[in-house]
Amino acid sequence: MTAQRRFDVIRGDASEQIADGIRHYVARQGLEPGDRLGTEQELAAEFGVSRPTLREALRMLSSSHLIRATRGPGGGIFVESTPNEGLSRNLSESIATMLETGSVSLRELVDTRMFLEVPLAGLAAARATDVIADELEAAIAAAEGHPAGSEPFTVADTAFHRLIAATAGNELMRAFTSWVLDVLQPSLIAAIGMRVDGDAILAQHREILRAIRRGQVAGAERAMQRHIAYMREVLEGGAR
């Protein structure tokens, strides 16, 4: 029995079409990191192109963190990240470069969190289940007893914000929030970690959680706004 063709035979600008075809296939099939696409030889045959042409497309996909290639027994082309995760990582790297070169400031990144995370908190309040609320509470508990700026506190803090973004149900906003957190957290901790009041952060998180648990959309938005405003004030040399 002839196997069903996964990809169209390429005509024209081969490498770009191959890369686009693989992106769509990964998304359409719901493939996850670690899923195998095949060998270089198999993919070249499916697309009807030479292996050098295929390699150029794979190089493009590898640079955007969508696929990875391994050699040896059991090797081949594997999914490295989903399209959403790849988008998030690329954005993170681009913004990190902008931050390093001074073309974007920490204040601008904090302001971006305000625009992103305030409405996300409202969406989370509308959609969160008791299980999600319990997970948010666990993230708060994981930070307790650790000083602000420490690794356990930072990991728990980031988990809290990521969970809210995931609960909101908007994948694009979730991806944007992820890259802001990936870039902002390390730089912000370096800048203000010693000046942040960890108890104040946890109290703000509890206020956000309280509104989310009660399904209070406007209340969750106001609580998130106050939380990020506090971070901005500390960054500017104000509140402790």
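In this text, all values refer to a predicted model and were calculated from it rather than measured experimentally. (Residues numbered from 1 in each chain as written. Predicted model: local features only at pLDDT ≥ 70, side-chain atom pairs only at ≥ 80, totals over all residues. Heavy atoms only, no water.)

### Let's talk about the packing of helix 8 (residues 171-192) against helix 10 (residues 217-235)
Here is the rule we go by: The angle between two axes is taken between their N-to-C directions and runs from 0 to 180 degrees, where each axis is a line fitted to C-alpha atoms and a helix contributes only its stretch in contact. Helical segments are the DSSP runs of H or I of at least four residues, strand segments are the runs of E of at least two, and each set is numbered from the N terminus. Any angle that falls under 35 degrees is termed roughly parallel, while one over 145 is termed roughly antiparallel, one within 65 to 115 roughly perpendicular, and all others oblique. By convention, the crossing between two helices is left-handed when the near helix turns anticlockwise from the far helix through less than a right angle, and right-handed when the turn is clockwise. What makes two residues a contact is simply this: any of their non-hydrogen atoms within 4.5 Å.
Contact geometry of helix 8 with helix 10 gives a least axis separation of 10 Å together with a crossing angle of 50°. Considering the angle they form, helix 8 stands oblique to helix 10. In this structure, helix 8 meets helix 10 at a crossing whose hand is left-handed. Residues Leu 188, Ala 191 and Ile 192 of helix 8 pack against Met 231, Val 234 and Leu 235 of helix 10.

### Looking at the confidence of the model for the chain
To be explicit about the condition: Residue-level confidence of the predictor, termed pLDDT, takes values from 0 up to 100.
Within the chain, residue pLDDT values average 85, and 86% of them lie at 70 or more. Averaged pLDDT values for the elements of the chain fall to 64 in helix 4 (residues 83-100) and rise to 97 in helix 9 (residues 198-213).

### Concerning the sheet that holds strand 2 (residues 67-70)
Operational definition: Two strands qualify as a pair provided that DSSP identifies no fewer than 2 bridges between them.
Reading across the sheet, the three strands line up as 1-3-2 and stay open at both edges, with antiparallel pairing between neighbours. Only two strands of the sheet have a single neighbouring strand rather than two, namely strand 1 (36-38) and strand 2. On average, each strand axis in the sheet is tilted by 30° relative to the strand beside it, whichever way the strands run. In the sheet, strand 1 pairs with strand 3 (residues 76-79) via two bridges, with the strands oriented antiparallel. Within strand 3, the position partnered with Gly 38 by the bridge is Ile 77. Against the sheet, helix 2 (residues 40-47) contacts strand 1 and strand 3, and its axis sits at roughly 65° relative to strand 1.

### What to know about the environment of Pro 52
Condition: Note on exposure labels: buried denotes an accessible area under 20% of the residue type's maximum, exposed denotes more than 50%, and partly exposed covers the range between, all computed with a 1.4 Å probe on protein chains only.
By secondary structure assignment, the location of Pro 52 is in helix 3 (residues 51-63). For Pro 52, a relative accessible area of 54% translates into the label exposed. Taking C-alpha positions, Pro 52 is 9.7 Å from Glu 40, a pair spaced twelve residues apart along the chain.

### A short note on the nonpolar core
Definition in use: In plain words, nonpolar cores are sets of buried Ala, Val, Leu, Ile, Met, Phe, Trp, Tyr and Cys residues tied together by side-chain atoms within 4.5 Å.
If you look at the biggest cluster of nonpolar residues, it comprises 47 residues, and the most contacted ones within it are Leu 136, Ile 164, Val 196 and Ile 212. Sorting the residues of this core by element identifies helix 5 (106-127), helix 6 (130-143), helix 7 (151-168), helix 8, helix 9 and helix 10 as the ones contributing at least two each. The dominant element in this core, judged by the number of residues it contributes, is helix 5, at ten residues. If sequence neighbours within four positions are ignored, Ile 212 has contacts with Ala 121, Ala 124, Ala 125, Ala 128, Leu 136, Ile 164 and Ala 220. Counting residues in each nonpolar core, the second largest holds 21 residues, with Tyr 25, Val 26, Met 60 and Leu 61 among its members.

### Describing helix 1 (residues 14-29)
Note the cut-off: By definition here, a helix of n residues has an expected span of 1.5 Å times n minus one. The reported arc concerns the directions from the helix axis to the C-beta atoms and nothing else.
For helix 1, built from 16 residues, the straight-helix expectation of 22 Å at 1.5 Å per residue is met to within 8% by its first-to-last C-alpha distance of 22 Å. Taken together, the buried positions of helix 1 are Ala 14, Ser 15, Ile 18, Ala 19, Ile 22, Tyr 25 and Val 26. Each buried residue of helix 1 lies within a common arc of 130° when the element is viewed along its axis, so the set occupies one face. Positive backbone phi, approximately 65°, marks Gly 30, located one or two places after helix 1.

### A few points about the side chain of His 205
The test is simple: Polar contact is the term for a pair of N or O atoms within 3.5 Å; when the atoms are in protein, one must be able to donate a hydrogen and the other to accept it, and sequence-neighboring residues count only if both atoms are side-chain atoms.
Positionally, His 205 belongs in helix 9. According to the relative accessible area criterion, His 205 is buried, its value standing at 2%. Of the polar contacts made by the side chain of His 205, one reaches the side chain of His 161; its length is 3.3 Å. Those residues in contact with His 205, other than ones at most four positions away along the chain, are Ile 140, Asp 157, Phe 160, His 161 and His 227.

### Overview of the packing of helix 1 against helix 3
Basically, it comes down to this: For this classification, the nonpolar set comprises Ala, Val, Leu, Ile, Met, Phe, Trp, Tyr, Cys and Pro, the charged set comprises Asp, Glu, Lys and Arg, and every other residue, Gly included, is treated as polar.
Taken N-terminus to C-terminus, the directions of helix 1 and helix 3 make an angle of 55°; their axes are 8 Å apart at the nearest point. Between helix 1 and helix 3, the interaxial angle falls into the category oblique. For the element pair helix 1 and helix 3, the recorded crossing hand is right-handed. In this structure, helix 1 uses Ala 14, Ser 15, Glu 16, Ile 18, Ala 19, Ile 22 and Arg 23 to contact helix 3, whose residues at the interface are Thr 53, Leu 54, Glu 56, Ala 57, Leu 58, Met 60 and Leu 61. Considered class by class, the residues forming the contact of helix 1 with helix 3 number nine nonpolar, two polar and three charged.

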